[in-house]
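Each chain, written out:
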Protein chains: 2
Amino acid sequence: MTRRVVIVGGGFGGMATARALARADVTVTVVDRRNHHLFQPLLYQVATAGLSPADIAEPIRSLLSDQRNTQVLLGEVERVAATDRQVHLTTGEKLDYDWLVLAAGARHGYFGHPEWEQHAPGLKTLGDALEIRRRILTAFEEAEWNPEARERLLTFVVVGAGATGVELAGAIADIARRAVADDFRSIDTRKARVVLVEGGPAVLNAFSAPLPDKAAEQLAELGVEVRLGARVTGVDEDGVELGEERISAATVLWAAGVDASPLARPLGETDRAGRLHVEADLSVPGHREIFVIGDAAHVEQDGKPVPGVAPAAQQMGAVVANAIRADLAGSPRPTFRYTDKGSMATIGRNRAIAEVGSFTTSGRLAWLMWLFIHLLTLVSLRNKILVFTKWFWAWISFDRSSRLLYESRSRRLPGAD
Amino acid sequence: MTRRVVIVGGGFGGMATARALARADVTVTVVDRRNHHLFQPLLYQVATAGLSPADIAEPIRSLLSDQRNTQVLLGEVERVAATDRQVHLTTGEKLDYDWLVLAAGARHGYFGHPEWEQHAPGLKTLGDALEIRRRILTAFEEAEWNPEARERLLTFVVVGAGATGVELAGAIADIARRAVADDFRSIDTRKARVVLVEGGPAVLNAFSAPLPDKAAEQLAELGVEVRLGARVTGVDEDGVELGEERISAATVLWAAGVDASPLARPLGETDRAGRLHVEADLSVPGHREIFVIGDAAHVEQDGKPVPGVAPAAQQMGAVVANAIRADLAGSPRPTFRYTDKGSMATIGRNRAIAEVGSFTTSGRLAWLMWLFIHLLTLVSLRNKILVFTKWFWAWISFDRSSRLLYESRSRRLPGAD
């Protein structure tokens, strides 16, 4: 009988594994609780009304439809029964596996304060992005008609100055200064306050000098207030607390911390973020048949952890597929080594930083590199065309065209329909 | 003091009124409980995963941003206090008006069975469209993994064979036969059953002969089962009841009946659908300062009611704006007369019917006319470009590219992220 590979998660890691097993003599089942693969690097643009969900997501099913050994299952994994070699779904179904690949990602972490999440949503899914979009747009709408709460409504706090936090803060500043500036009568959206709070000593800390400083300069040009070395001690519906100081803000967004999917945790030792320590071949210690990859895996290389970025997850997926092929052939498994092809972060219109090997750049050139590389790596040709069109349009018009508030399901209320 | 016009509803009627008052010596407030104007004729394409919400919606605020006498309020109207000349919002706020334009539209009607709605959603808002999309896509996903319920899951019932019902049924058939046909392993989506239920004697009854027959032929080519003269006597989570017969179906969609916004009802006499009978100048009998337009108004012309279509609502809006200008000038108000510029309905790829005066056509020519006219009438140039690109892509690839299931807000559940 053909042997079975179960892959949990259709993100960058899971998809890379599945793709690389297309012609292997195994049956592959990809399980995800969502039906789409998401191009997460552009998710902040959905949250800030620049793109639509469909522009950056593709049904996992269509991406794998030409791969006849592969089946896709929309479902949620409850736990891994490692001794039975089974995955239990929340529906009660069980999937047998010969190899299991856990690629279920991570969410943002709230430093032991899960109660902060309702007031400060993180950005990992399309649902998150639409919720953040709703909060940002609603804040402007309410500010127009509520003079008493205006200051609080026009204050936006982003916690965490990694790539996502910087991108969110920069995009909100762009919206306030340009996209919606002419739409309101009672408020001047240009005066909106955008505060970026970071516990560490610099923004975009993972980049080499002088890029963090360049990024800070560009954020300042956009009018973003950066607070470095600031520890968040409280979040509630009124705003955030930074020790003694309180910032009253209607919109608080969370882009700090990492909290890995809990699926792999019972299988071994994890780091503080819940990521499992894996072997050099990415398998779980004591379970050669289970692999953990992507944001849920803790892999050390040259004394520091491999970063939780898309290329790392994709490289891990390829290595795991090769390990499975090696097992089938009875040959030794490859070991994983991360190749850093460079990194970049965008800050706003014409503003970004980029680093490739020892080459660093910032400003317009970095921004164009960022645009070009993200367009190239988008999954489908159709989405490349659509995103290019929308970006070009936004660039000439300063507009953000997905500024929609839609409720989940309209109820039969009296009033304007 | 400048006199005040309050417009409730930012649909075709409300927007036409607001636009036509751009340079009038009044202040205009447009109140809508959603922040966007929706191009409803293409809403079924959002529901069937062909387009994204942002492709057919524009923030009301941006559409009116260059109109300095106009303010937009995101809010819900609770009731009209006609004696005080005030509109009460659900927030407790009150808006004074000198003229009031009620353009709050209609929903589908359930013939006195509101409890059917949860099992058979109608299609009027973006929220409705995303809910319908979710149901359709989820049915295929579950059918792949649930052999016992497969037949029920692969049966889709659409109630009502007006334009929306025909468009939905045709699009679902297109999806099943083409777009997702290669994506599944255990089911043959081409065998999905699509049933279009109509109480009257023909589909698209409002069109002249021979178009209803042509439409029925084209539906049959797509594999849609049409049931004419069939009265729905029950809807529950298992399916629909047509008298003695029961059709077991996981997805039931409602495109029948009309149920006008209740806002205008207390002001006078309504028809069975809750539409208010208005004067020749579209004002409410006994309230010259209140107008009701669009789907919420009952206007007779040449012995039959003016249809609830976008051009009629737009023409009414223009007439009401002229009535207000006439009042300002102290001259007599114009009376409304509907000009029918023709109508069309699409059935599926290369299939449609169209009627302009005494000219009728069906099939590919009608379909091309339909595409062309809808592209031309979309509100913004940007959306014209995007929709054209998506349609062209869909036409060459047979794909439906917005096949996304996204939950409202992800919760921190164990499992694949």
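Keep in mind that what you see is a predicted model, and the values were worked out from it rather than measured.

Student: Is there a simple way to think about the overall build of chain A in this case?
Tutor: Each helix and strand in chain A was counted, giving 10 helices and 27 strands. In summary, chain A has a C-alpha radius of gyration of 22 Å against a globular reference of 22 Å for 417 residues, a match within 12%. Its C-alpha atoms give chain A principal-axis dimensions of about 70 × 55 × 45 Å. Split into buried and exposed, the 417 residues of chain A put 52% on the buried side.

Student: What's the story with the sheet that holds strand β6 (residues 77–81) of chain A in this structure? I'm lost.
Tutor: Each strand in a sheet pairs with its neighbour through backbone hydrogen bonds, running either in the same direction (parallel) or in the opposite one (antiparallel). All names here are of chain A. Judged by pairing direction, the sheet is antiparallel, and its 3 strands sit side by side in the order β6-β7-β8 without closing on themselves. Where the open sheet ends on each side, the last strands, each with one partner, are β6 and β8 (94–96). Shown here is a sheet whose adjacent strand axes are inclined to one another by a mean of 20°, direction ignored. As defined by bridge partners, strand β7 (residues 86–89) adjoins β8 across 3 bridges and the pair is classed as antiparallel. From the neighbouring strand, His88 faces β8, where its bridge partner is Lys94.

Student: Which parts of the structure should I look at to understand the sheet that holds strand β13 (residues 224–227) of chain B?
Tutor: Residue and element names in this part refer to chain B. The strand order across the open sheet built from 4 strands is β13-β12-β11-β17, with neighbouring strands paired in parallel fashion. For this open sheet the edge positions go to β13 and β17 (251–254), each flanked by a neighbour on one side alone. With strand direction ignored, the average angle separating the axes of adjacent strands in the sheet is 20°. Both strand β11 (residues 155–159) and strand β12 (residues 193–197) contribute to a ladder of 5 bridges, which runs parallel. For Val159, the partnering residue across the bridge sits in β12 and is Val197. Where helix α6 (residues 163–179) meets the sheet, it contacts β11, β12, β13 and β17, and its direction lies at approximately 170° from that of β12.

Student: How do you make sense of the relation of the copies chain B and chain A when you look at a structure like this?
Tutor: For the pair of chain copies, the relating transformation is a rotation about an axis with a translation along it. Under the fitted operation, chain B is carried onto chain A by 0.0 Å of movement along the axis and a turn of 180°, and the coordinates agree to an RMSD of 0.0 Å. Interpreted geometrically, this transformation is the action of a two-fold axis. Looking at the interface residues of chain B, 98% of them are also at the interface in chain A, so both copies use one shared face.

Student: So what exactly am I meant to see when it comes to the interface of chain B and chain A here?
Tutor: One frequently used descriptor of interface size is the decrease in accessible area upon assembly of the parts. At the interface, 64 residues of chain B touch 63 residues of chain A. Of all the elements in the fold, those that place two or more residues in the side of chain B that touches chain A are β2 (26–32), β4 (57–59), α3 (60–63), β5 (70–74), β6 (77–81), β10 (106–107), α4 (126–145) and α10 (381–397) of chain B. Broken down by class, the residue content of the side of chain B that touches chain A amounts to 25 nonpolar, 18 polar and 21 charged.

Student: Looking at this structure, how should I read the packing of helix α1 (residues 12–20) of chain B against helix α8 (residues 310–329) of chain B?
Tutor: All names here are of chain B. Two numbers describe how α1 lies on α8: the axes approach to 7 Å, and their chain directions differ by 35°. For the pair α1 and α8, the sense of crossing is right-handed. In this structure, α1 uses Phe12, Gly13, Gly14, Ala16, Thr17 and Ala20 to contact α8, whose residues at the interface are Ala310, Ala313, Gln314, Met316, Gly317, Ala318, Val320 and Ala321. Looking at side-chain class alone, the contact of α1 with α8 contains 9 nonpolar, 5 polar and no charged residues.

Student: Can you walk me through unusual backbone geometry in this structure?
Tutor: Across the chain, the bulk of peptide bonds are trans and the bulk of non-glycine residues have phi less than zero. A cis amide bond, omega 5°, links A:Ala209 with the succeeding residue A:Pro210. Relative to the helices and strands, A:Pro210 resides in the loop between β12 (193–197) and α7 (211–221). Its identity as a non-glycine residue notwithstanding, B:Leu204 has a phi of 45°, on the positive side. Positionally, B:Leu204 belongs in the loop between β12 and α7 (211–221).

Student: I would appreciate a short explanation of α7(A) in the present structure.
Tutor: It helps to recall that an α-helix has 3.6 residues per turn; residues three or four apart then point in one direction. Residue and element names in this part refer to chain A. Looking at α7, one finds that the buried residues are Leu211, Pro212, Lys214, Ala215, Ala216, Gln218 and Leu219. Where α7 is buried, its residues meet α6 (163–179), β12, β13 (224–227), β25 (343–348), β26 (351–356) and β27 (359–362). Gly223 occupies a position one or two residues after α7 and carries a positive phi of about 85°.

Student: Is there a simple way to think about the nonpolar core in this case?
Tutor: Looking at soluble globular proteins, one finds that nonpolar side chains tend to be buried together. Counting 164 residues, the largest nonpolar core has A:Val166 and B:Val166 as its most contacted members. Setting aside residues no more than four positions away along its own chain, A:Val166 makes contact with A:Ala161, A:Leu196, A:Val203, A:Leu204, A:Ala215, A:Leu219, A:Ala345 and A:Ile347. Counting residues in hydrophobic clusters, the runner-up holds 56 residues, among them B:Val6, B:Ala16, B:Val101 and B:Met316.

Student: Explain the environment of B:Phe398 to me, please; I cannot follow it from the model alone.
Tutor: All names here are of chain B. By the secondary structure assignment, Phe398 is in the segment after α10. The class for Phe398 is partly exposed, based on 15 C-beta atoms found within 10 Å. What Phe398 contacts, discounting residues up to four positions off in sequence, is Arg178 and Ala179.

Student: Can you walk me through the domain arrangement of chain A in this structure?
Tutor: All names here are of chain A. Taken domain by domain, chain A consists of domain 1 (3–108 + 258–329) and domain 2 (114–256). Placing the centre of domain 1 and that of domain 2 at their C-alpha centroids yields a distance of 31 Å. With 12 residues of domain 1 at the interface, the matching set in domain 2 holds 18 residues. For the side of domain 1 that touches domain 2, the element with the most residues is helix α2 (residues 43–47), which contributes 4 residues.

Student: Just checking my understanding: could you explain the pairing of strand β9 (residues 99–102) of chain B for this structure?
Tutor: Within a regular strand, the side chains alternate between the two sheet faces. Residue and element names in this part refer to chain B. Here β9 shows no split at all, with Trp99 and Val101 on one side and Leu100 and Leu102 on the other all buried. Both strand β1 (residues 3–8) and β9 contribute to a ladder of 4 bridges, which runs parallel. Residue pairing for β9: Val5 is matched across the bridge by Trp99. Here 3 bridges tie β9 to strand β21 (residues 287–292), and the two strands are oriented parallel to one another. When the sheet's bridge partners are listed, Leu100 is paired in β21 with Ile290.

The rules behind each value
Residues numbered from 1 in each chain as written. Chains lettered and ligands numbered in written order. Predicted model: local features only at pLDDT ≥ 70, side-chain atom pairs only at ≥ 80, totals over all residues. Helix = DSSP H or I, 4+ residues; strand = E, 2+ residues; numbered from the N terminus. Rg over C-alpha atoms; globule rule 2.2 N^0.38 Å. Buried ≥ 20, exposed ≤ 12 C-beta atoms within 10 Å, placed from the backbone. Pairing = 2+ DSSP bridges. Axes fitted to C-alpha atoms, helices over the stretch in contact; angles between N-to-C directions. Contact = placed C-beta atoms within 7 Å. Least-squares fit on C-alpha atoms with pLDDT ≥ 70 in both. Nonpolar A, V, L, I, M, F, W, Y, C, P; charged D, E, K, R; others polar. Left-handed = near helix turned anticlockwise from the far one by under 90°. Core = buried A, V, L, I, M, F, W, Y, C linked by C-beta atoms within 7 Å. Domains from an automatic or database assignment.

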